[in-house]
Amino acid sequence: MIQKNLYIKTYGCQMNVYDSGRMADILKPLGYTLVESSEGADLVILNTCHIREKAEEKVYSDLGRIRPHKDDKMILAVAGCVGQAEGAEIMRRAPYVDIVLGPQTYHRLPEMIARAERSRDKKEGPGRGVLDVEFPVESKFDHLPEDHTEVGPSVYIAIQEGCDKFCTFCVVPYTRGAEYSRPVQAIFEEAKRLIDRGAKEITLLGQNVNAYHGESPQGQEWGLGRLMEHLSSLKGLLRLRYMTSHPRDMDEELMVSHRDIPQVMPFLHLPVQSGSDRILETMNRKHTRKHYLDIIEKLRNHRPDMALSSDFIVGFPGETDQDFEDTLNLVREVGYAQAYSFKYSPRIGTPGALMENQVPEEVKTERLARLQELLNTQHQAINEACVGQTLSVLLDRRGKQEGQLLGKTPWLQSVHLDAPSRLFGACVDVKIEKASANSLTGTVVTVEDVLKRSA
Ligand code: SAH
Ligand code: SF4
Ligand code: F3S
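Trainee: I'd like a description of the overall build of the chain, backed by residues and values.
Mentor: Helix and strand counts for the chain stand at 15 helices and 21 strands. Taking 455 residues into account, the globule formula puts the C-alpha radius of gyration at 23 Å, and the chain, at 23 Å, falls close to it. Over its C-alpha atoms, taken along the principal directions, the chain stretches across nearly 65 × 65 × 50 Å. Of all 455 residues assigned to the chain, the portion counted as buried reaches 54%.

Trainee: Before we move on, could you go through the domain arrangement of the chain and cite the residues and values that matter?
Mentor: What the domain assignment lists for the chain is domain 1 (4–132), domain 2 (140–384) and domain 3 (390–454). Inter-centroid distance (C-alpha atoms) of domain 1 to domain 2 is 28 Å. Opposite the 24 residues of domain 1 that make contact, domain 2 presents 31 residues. Surface buried jointly by domain 1 and domain 2 totals about 2400 Å² across both partners, of which 58% is contributed by carbon and sulfur atoms. For R347, the salt bridge is made with E56, and the minimal N-O distance between the two is 2.8 Å. There are 14 residue pairs in polar contact (both at pLDDT 80 or more) connecting domain 1 and domain 2. Of all the secondary-structure elements, those providing two or more residues to the side of domain 1 that touches domain 2 are α1 (14–27), α2 (53–66) and α3 (80–86). For the side of domain 1 that touches domain 2, the element with the most residues is α1, which contributes 10 residues. Among the residues forming the side of domain 1 that touches domain 2, the class breakdown is 11 nonpolar, 6 polar and 7 charged.

Trainee: I'd like a rundown of the sheet that holds strand β1 (residues 4–10), residues and numbers included.
Mentor: Pairing in this open sheet of 6 strands is parallel, and the strands run β2-β1-β3-β4-β5-β6 from one edge to the other. What marks the edges here is a single partner per strand, and that holds for β2 (32–34) and β6 (130–132). The sheet shows a mean angle of 20° between the axes of neighbouring strands, direction not considered. Its contacts with the sheet put helix α5 (residues 109–121) on β1, β2, β3 (43–48), β4 (75–79), β5 (99–101) and β6, and the angle it makes with β5 is roughly 160°.

Trainee: An account of the side chain of S38 is requested, with residue identities and associated values reported.
Mentor: In this structure, S38 sits in the loop between β2 and β3. On the basis of relative accessible area, S38 is assigned to the buried category, the value being 11%. Among the polar contacts made by the side chain of S38, one reaches the side chain of H69 at a distance of 3.0 Å. Sequence-distant contacts of S38, that is, excluding residues within four places in its chain, are made with Y7, V44, I66, H69 and M74.

Trainee: Got a sec to walk through the nonpolar core? Specific residues and values, please.
Mentor: Among the nonpolar cores identified, the biggest contains 50 residues, and L204, L224 and Y336 are the most heavily contacted of them. For this core, the element with the most residues is helix α7 (residues 184–196), which contributes 6 residues. Each residue touching L204, except ones within four places of it in the same chain, is listed here: I157, I159, V209, L224, L227, M228, L231, L240, R241, Y242 and M243.

Trainee: Go over the pairing of strand β17 (residues 390–398), please, and point to the residues and values.
Mentor: Inspection of the sheet shows β17 paired to strand β20 (residues 427–435) by 5 bridges, in the antiparallel sense. Paired with V393 across the strands is V428, a residue of β20. By the bridge criterion, 4 bridges tie β17 to strand β18 (residues 404–408) in an arrangement that is antiparallel. The residue of β18 that forms the bridge with R398 is L405.

Trainee: For the sheet that holds strand β21 (residues 439–446), give the residues involved together with the corresponding values.
Mentor: Pairing is mixed in the closed barrel, where 5 strands are placed in the order β17-β18-β19-β21-β20. In this sheet, neighbouring strand axes are inclined to one another by 55° on average, regardless of whether the strands run parallel or antiparallel. In this sheet, strand β19 (residues 414–418) lies alongside β18 in antiparallel orientation, the contact comprising 5 bridges. Within the sheet, the bridge partner assigned to K408 lies in β19 and is S414.

Trainee: Residue-level account of the site of ligand 3, with values.
Mentor: With respect to spatial proximity, the complete set of residues near ligand 3 consists of C13, N16, T48, C49, H50, I51, C81, R176 and Q207. Split into classes, the residues belonging to the shell around ligand 3 amount to 4 nonpolar, 4 polar and 1 charged.

Trainee: How would you explain the packing of helix α8 (residues 224–231) against helix α9 (residues 252–260) if you had to name every residue and give the values?
Mentor: The N-to-C vectors of α8 and α9 enclose an angle of 35°; their axes lie 7 Å apart at closest approach. Side by side, α8 and α9 meet where L224, G225, R226 and M228 of the first sit next to E253, L254 and S257 of the second. Residues that form the contact of α8 with α9 fall into these classes: 3 nonpolar, 2 polar and 2 charged.

Trainee: Tell me what's going on with the site of ligand 2, and back it up with residues and numbers.
Mentor: In the neighbourhood of ligand 2, the contacting residues comprise C163, K165, F166, C167, F169, C170, V172, P173, N208, H246 and R285. Considered class by class, the residues forming the shell around ligand 2 number 7 nonpolar, 2 polar and 2 charged.

Trainee: Hey, could you go over the packing of aromatic side chains for me, with residue numbers and the actual values?
Mentor: By the definition in use, this model includes 5 aromatic pairs. With centroids separated by 5.5 Å and ring planes inclined at 75°, the aromatic side chains of F166 and Y174 adopt a geometry described as edge-to-face. Residue classification places F166 among the partly exposed residues on the basis of a relative accessible area of 37%. Relative to Y336, the ring of F312 has its centre 5.5 Å away and its plane inclined at 85°; by these criteria the two rings are edge-to-face. With a gap of 24 residues between them, F312 in strand β15 (residues 307–314) and Y336 in the loop between α12 (321–334) and β16 (338–343) connect regions that are remote in the sequence. Take F312 and Y336: they sit in the same class, and that class is buried. Among the aromatic side chains, those forming a connected cluster through ring pairs are F169, F316 and Y344. Geometry around Y60 places R93 over its ring, the cationic atom sitting 3.6 Å from the centre.

Trainee: Any details on the side chain of N208? Residues and values, ideally.
Mentor: In this structure, N208 sits in the loop between β10 (201–205) and β11 (214–215). For N208, a relative accessible area of 4% corresponds to the buried category. Contact partners of N208, with chain neighbours within four places excluded, come to Q160, G162, C163, K165, E179, T244, H246 and D249.

Parameters at a glance
- Residues numbered from 1 in each chain as written.
- Chains lettered and ligands numbered in written order.
- Predicted model: local features only at pLDDT ≥ 70, side-chain atom pairs only at ≥ 80, totals over all residues.
- Heavy atoms only, no water.
- Helix = DSSP H or I, 4+ residues; strand = E, 2+ residues; numbered from the N terminus.
- Rg over C-alpha atoms; globule rule 2.2 N^0.38 Å.
- Buried < 20%, exposed > 50% of the residue type's maximum accessible area, 1.4 Å probe, protein only.
- Domains from an automatic or database assignment.
- Contact = heavy atoms within 4.5 Å.
- Buried area = accessible area lost by both parts, 1.4 Å probe.
- Salt bridge = Lys/Arg side-chain N within 4 Å of Asp/Glu carboxyl O.
- Polar contact = N/O pair within 3.5 Å; in protein donor to acceptor, adjacent residues only side chain to side chain.
- Nonpolar A, V, L, I, M, F, W, Y, C, P; charged D, E, K, R; others polar.
- Pairing = 2+ DSSP bridges.
- Axes fitted to C-alpha atoms, helices over the stretch in contact; angles between N-to-C directions.
- Core = buried A, V, L, I, M, F, W, Y, C linked by side-chain atoms within 4.5 Å.
- Near = heavy atom within 4 Å.
- Phe/Tyr/Trp six-rings, centres within 6.5 Å; stacked < 30°, edge-to-face > 60°.
- Lys NZ or Arg CZ within 6 Å of the ring centre and 35° of its normal.

Here it is, written out as structure tokens:
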């Protein structure tokens with residue numbers, strides 16, 4: 001088989017990271033090996049994100065950068081959410097793009113590549129592009145290879161996809177399509193294969209992961225809490241996480257799983273977007289500020305050390321100073337270990353873009369800075385409180401230099417360490433010595449996992 005080079009660039013959310021990995025898995029049997037640069041690659045895939053205007057612009061500027069070194073043999077594909085949202089428009093703006101596909105059709109990549117190669121070899125020229133942005137009746141999950149090419153200590157499994165919620169700012173329901181939950185057994189088997197190959201931590205992914213309602217082995221419908229209980233029986237699985245959740249779908253079974261299932265970590269990313277009921281209403285979030293705060297209270301009753309994270313949008317149409325103050329107050333009330341905050345970006349095709357009372361850019365900029373300052377103070381304080389403590393850290397990444405490893409605490413804090421590379425993949429106790437708003441540093445004190453293995 002002819003060896004070929006594949007370069008994939010991933011933009012956007014964890015779901016795209018998972019999808020990029022699966023595309024590499026699909027292409028491996030065709031002889032494609034991953035490389036680090038688009039230059040000289042036989043196939044380049046940009047796995048794109050459409051969530052905000054900036055994300056979309058980045059794709060076009062990267063296309064412009066690739067164009068000069070696109071030679072006769074290179075096949076250039078735009079996959080992901082921009083592919084889905086813009087379709088043929090991409091080939092109009094960038095006629096040198098060979099393939100455009102959406103997130104639901106990447107199991108058909110081999111056929112698309114074969115078609116693109118045929119028209120390349122016939123020198124059909126611009127307009128010869130292959131477009132596949134359907135929402136097919138078959139689920140791509142049933143057509144993906146069993147094996148994952150690369151398996152690290154911390155892995156993702158997509159268990160749910162799509163969204164039926166239609167928040168008025170968001171493109172996801174249009175780019176990913178309707179909600180779908182994979183059957184329990186398929187997820188269990190994927191998890192088992194990953195653990196057999198060294199995975200210690202699994203993060204279950206979905207655009208609305210806690211809306212999961214998959215078919216159980218006995219044909220019933222299981223929620224996310226029940227699914228995690230089932231997965232926790234897998235020997236060798238040390239940690240379970242899930243993201244992203246919606247406040248409307250936080251049921252009791254899921255909340256108590258943080259208390260009752262040892263592998264379920266004391267961390268939850270639960271986006272609230274705004275602290276103002278008025279704005280939550282116009283965003284069509286279908287929950288109130290009180291509902292959100294009640295969930296946090298319940299979670300902390302079950303699990304007092306629960307760390308919280310959220311997404312925020314500032315400057316949604318109609319957001320007044322008072323609405324924004326409500327958001328700041330909610331942040332003060334909850335206390336976030338991590339957070340992502342964005343200026344509202346109007347997206348064509350969403351109701352928010354048509355609302356009349358758009359907030360001026362300078363106001364958004366000023367509000368974002370104030371919100372981020374408050375959030376940073378909280379992250380810093382939470383991290384500083386860890387100094388002097390000994391925390392369990394899963395060493396899941398290699399540092400830039402030899403002798404450095406990176407890991408995560410149960411509360412998803414990043415930890416930087418000097419440690420020998422044989423500890424990669426181990427869960428070790430680390431005495432925390434220094435903290436910043438984004439990370440911790442410390443020293444390994446015991447090596448439980450490694451000791452157990454050699455015992
Ligand atoms: N399903 C998740 C979020 C998916 S999108 C949820 O329901 O919370 C990830 C984040 O991007 C969102 O939480 C939101 O904060 C942000 N986002 C989405 N659309 C946006 C827009 N038009 N402008 C700015 N931020 C946006
Ligand atoms: Fe977007 Fe809302 Fe669906 Fe999340 S719940 S993906 S923010 S529409
Ligand atoms: Fe972006 Fe699509 Fe994810 S729009 S955030 S890549 S679901």
